[in-house]
Every structure is written in C-alpha cells, then in structure tokens.
Amino acid sequence: MGNGDVRMTDAEFRMIGDLVRRRCGLHFGPESRYLVERRLARRVTELSLPSFTAYHYLLRRDESGDGEMGWAIDVLTTNETYFLRERKQLRALIDEVIPALRAEPDGQDRPVSIWSAGCSSGEEPYSVVMLGLEAGLEPGRDFRVYASDISRPMLRKARRGLYRDASFRETEPSIIGRYFEPMDGLHRISDEVRKHVHFAHLNLLDTERTGLLGAIDVVLCRNVLIYFDLEVKRRAVRLFHEKLRPGGYLLLGHSESLIQLSRDFELRHLENDMVYHRPPEESAWQRAARQAVEALDEEPDW
C-alpha cells in the first residue's frame, strides 16, 4: 500500500492534533492538515496500519513520549536551523548582554548561565560558544551554555556534531576552518566547542522536569513559540519568567513577540538588536498591569 492509499479524516486530524498538543504543546490548525497527513502517512504505511485511527491508538499507548510519539513529534516539526542564524541578536548577547550581567555586583562570582530552549540539532548553542570564543570570552568562566529539545533524534544529532553544508549558509569560511573538521563530506564541530554545551531532553510542558532547572540568566527560545497556540505560548513564557533570575534576558525569534503573552518583560533596544528583559524588581504599574491581564484571562468566555 502506498502513501497515497492512506487518507486522514477530519475526526482523525482532530484526534491526533489534540493528542500532540496535550503532550508537547505543538499546535496544528486546519491549514496544516495536509502537512500532518503527508508526513505521517509514510509511517502508517510502514507499520501496516489500516488507518490514522489505529495510529492514534499507537500514539496514545506511548505515555513516555520516547517511542512512537517521539518519532511523530520529530517528523512534524520543521527543525529549520543553521549556524549564526539571526546573528545580530547573537552579537547583542555576546557583546552587550553577557558584559552587562557580568558587571552586576555578583556577576564576577559566577558564569552567565544561558539556556537554549528548543535547540534542535545544536547549531544555536554551538554558535553562542563560537561567537564567545571569537570575542575573547572564556566558556565556563564567563558563560555556560545549556541546551534542550523535545526531539531525541535532534539531540543525538546535536551531540554528534556532524553537519552538512546547508548548516553553514551564514558562516564565513574562516569560522568553519577554526571550529570544524572535515569528516566524510561533513563538518564535525571541534571538541573545544562541543565540550561547553550541555544537552538535555526536555518538554516545556513537563512541569516535573522543568522544575529541576536552576535559575537562568539568559533564555534563547527563538522560532519555537510559532509552533504553539496562544495558551501554550503563555505557559512557556511564564516558565521562562519563573526560571530567569531578576534582571535576566529572554531572546525570541525576530518573527515572535510577547504581545498578548506577557507584561512581565521590558523590550530593550540594544545597540545590536532588541531583547526582552526581566526587570530586577516588579514596579507597581507592572504588577497592576499583569494582574489586570491575568484577570481578563480568567474571565469566562460567554
């Protein structure tokens, strides 16, 4: 049976979409139905299942998310990334945010902690380390990078550190020469960079796992919120606010903003780019605005 023989009904699309959303927050509107059907049809055929209803049952049985659900999440997410993506923002992190945090009263006592949330195959956290080295910073002393993703296959790829040419569309040959080694037609990240990124499997909706995170100075969650609906976006931003130290920074993708999501951050216009800042202390007007927004969110929808 070929992929063209498997068709997804409206009910099956809703069942699978609702299940994936509850498990990991990914949202697929009606406009995404063809994408979901096309990407999952091959798997339904490989497993010799008679329908997407049978596949939905298989997904429900994977309560840990490490089996079939993990495979489905991986194939449904784009994982479009490359080294030095949105470089101006990374320059703002290295040249302005890290020095500002290090200049605080307790800033010299510990490295700046950076969390790449939704790191995909590792290009983003490795880019932070490379740019830090280029700027003369010392990883481990000046900053420390943690990276997480919901996709175990992507994390395995990140840990291997092997990349095709498509990952270097914005990377100068001099950078490639310094931090990568050729290997069987691919590029392998150097151990000098690899050893400074600590990877972990994490679902942003898993409150038990995220509760294990310590306080963070900077969160990078770029081009991840676009996959969530409004409710899950708000949950993710509340998590970031909770994990960020007062005075910490949140970096979103250029197509993302906190409009309708949160009043707990200030938009900072730095020399290189714009970032969100968690104020050291919540002012009276910020507290009133936040409480007003929360009250509106809690009102019943008549």
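Preceding this paragraph is the structure being described.
The rules we used
Residue positions are counted from 1 within each chain, in the order its sequence is given. Only residues with pLDDT of 70 or above have their local features reported here, since the model is predicted, and side-chain atom pairs are shown and tallied only from 80 upward, although totals for entire chains, interfaces and linings are computed over all residues. For the side-chain quantities, the full set of heavy atoms in the structure was used; hydrogens and water were omitted. Should DSSP find at least two bridges between two strands, the strands are taken to pair. Each helix is a run of H or I in the DSSP string that is no shorter than four residues. Each strand is a run of E no shorter than two, and both are numbered from the N terminus. To obtain an axis, a line is fitted to C-alpha atoms, over the contacting stretch when the element is a helix, and the angle between two such axes runs from 0 to 180 degrees between their N-to-C directions. A contact between two residues is defined here by any heavy atoms of the two lying within 4.5 Å. The buried label applies to any residue whose accessible area, calculated with a 1.4 Å probe on protein chains only, is under 20% of its type's maximum; exposed applies above 50%, and partly exposed to all values in between. In protein, a polar contact requires one atom able to donate a hydrogen and another able to accept it; more generally it is a pair of N or O atoms within 3.5 Å, and residues adjacent in sequence count only if both atoms are side-chain atoms. Note on aromatic contacts: the rings of Phe and Tyr and the six-membered ring of Trp form a pair at centre separations within 6.5 Å, being stacked when their planes are under 30 degrees apart, edge-to-face when over 60 apart, and tilted otherwise. Among buried residues, those of type Ala, Val, Leu, Ile, Met, Phe, Trp, Tyr and Cys that are joined through side-chain atoms within 4.5 Å constitute a nonpolar core. Under this scheme an angle from 65 to 115 degrees is roughly perpendicular, one under 35 degrees roughly parallel, and one over 145 degrees roughly antiparallel; angles in between are oblique. Note on residue categories: nonpolar means Ala, Val, Leu, Ile, Met, Phe, Trp, Tyr, Cys or Pro, charged means Asp, Glu, Lys or Arg, and polar means any other residue, Gly included.

Visitor: Please explain the sheet that holds strand β1 (residues 112–117) as it appears in this structure.
Guide: Paired through backbone hydrogen bonds, the strands of a sheet run either parallel or antiparallel to each other. What the seven strands build is an open sheet, ordered β6-β2-β1-β7-β8-β10-β9; its pairing is mixed. Edge positions in the sheet fall to β6 (197–201) and β9 (266–269), since each has one partner strand and no second. Strand-to-strand twist across the sheet, computed as the mean angle between neighbouring axes with direction ignored, equals 25°. The pairing of β1 with strand β2 (residues 143–149) spans six bridges and is parallel. Following the sheet pairing, S116 is matched in β2 by A147. Contacting β1, β2, β7 (216–221), β8 (244–252) and β10 (274–277), helix α5 (residues 87–102) runs over the sheet at an angle of about 175° to β8. Relative to β2, helix α6 (residues 123–134) is tilted by about 165°, and along the sheet it contacts β1, β2, β6 and β7.

Visitor: Explain the side chain of S262 to me, please; I cannot follow it from the model alone.
Guide: Among the secondary structure elements, S262 is positioned in the loop between β8 and β9. Using a relative accessible area of 15% as the deciding quantity, one classes S262 as buried. One polar contact links the side chain of S262 to the main-chain amide nitrogen of D264, over a distance of 3.0 Å.

Visitor: Any chance you could explain the side chain of N203 here in plain terms?
Guide: Inspection of the secondary structure puts N203 in the loop between β6 and α10 (207–210). Of the polar contacts made by the side chain of N203, one reaches the backbone oxygen of R23; its length is 2.6 Å. From its side chain, N203 meets the backbone nitrogen of L205 in a polar contact 2.9 Å long. When near neighbours in sequence (up to four residues on either side) are disregarded, N203 contacts R23, C24, I150 and T210.

Visitor: Hey, could you run me through the packing of aromatic side chains in this one?
Guide: In total, this model carries six aromatic pairs according to the counting rule given. Relative to F240, the ring of W115 lies with its centre 5.7 Å away and its plane at 80°, an arrangement referred to as edge-to-face. In this pair, W115 is assigned in strand β1 and F240 in helix α11 (residues 230–243), connecting sequence segments 125 residues apart. By relative accessible area, W115 is classed as buried at 2%. Seen in terms of ring centroids, Y126 and F199 are 5.7 Å apart; in terms of plane orientation they differ by 75°. Their pairing is edge-to-face. Of this pair, Y126 sits in helix α6 while F199 sits in strand β6, placing them 73 residues apart in sequence.

Visitor: Could you clarify how one ought to interpret the nonpolar core in this entry?
Guide: Looking at soluble globular proteins, one finds that nonpolar side chains tend to be buried together. Of all hydrophobic cores here, the largest spans 45 residues; its most connected members are L40, W115, F240 and L250. For this core, the secondary-structure elements that each account for two or more residues are α1 (10–24), α2 (33–46), α3 (52–61), α4 (68–76), β1, β7, α11 and β8. Once residues lying within four places of it in the same chain are set aside, the contact partners of W115 are Y146, S148, L202, L204, L213, I216, V218, V219, L220, L239 and F240. In terms of nonpolar packing, the next biggest core, distinct from the first, is built from 37 residues, L84, L93, M130 and I189 among them.

Visitor: Hey, could you run me through the packing of α1 against α4 in this one?
Guide: Each pair of packed helices can be summarised by the angle the axes make with each other and by the distance between the axes. Between α1 and α4, whose axes approach to 12 Å, the crossing angle comes to 100°. In terms of orientation, α1 and α4 fall into the roughly perpendicular class. Mapping the contact onto sequence places L19, V20, R23 and C24 in α1 and M69, I73 and L76 in α4. Residues of the contact of α1 with α4, tallied by class, amount to six nonpolar, no polar and one charged.

Visitor: What is the right way to read the pairing of β7 from this model?
Guide: Each regular strand shows side chains that alternate between the opposite faces of the sheet. Of all six residues that make up β7, six are buried, and the element is covered over most of its length. With three bridges joining them, β1 and β7 adopt parallel strand pairing. When the bridges of β7 are listed, I114 appears paired with V218. Where β7 meets β8, five bridges bridge the pair, whose relative direction is parallel.

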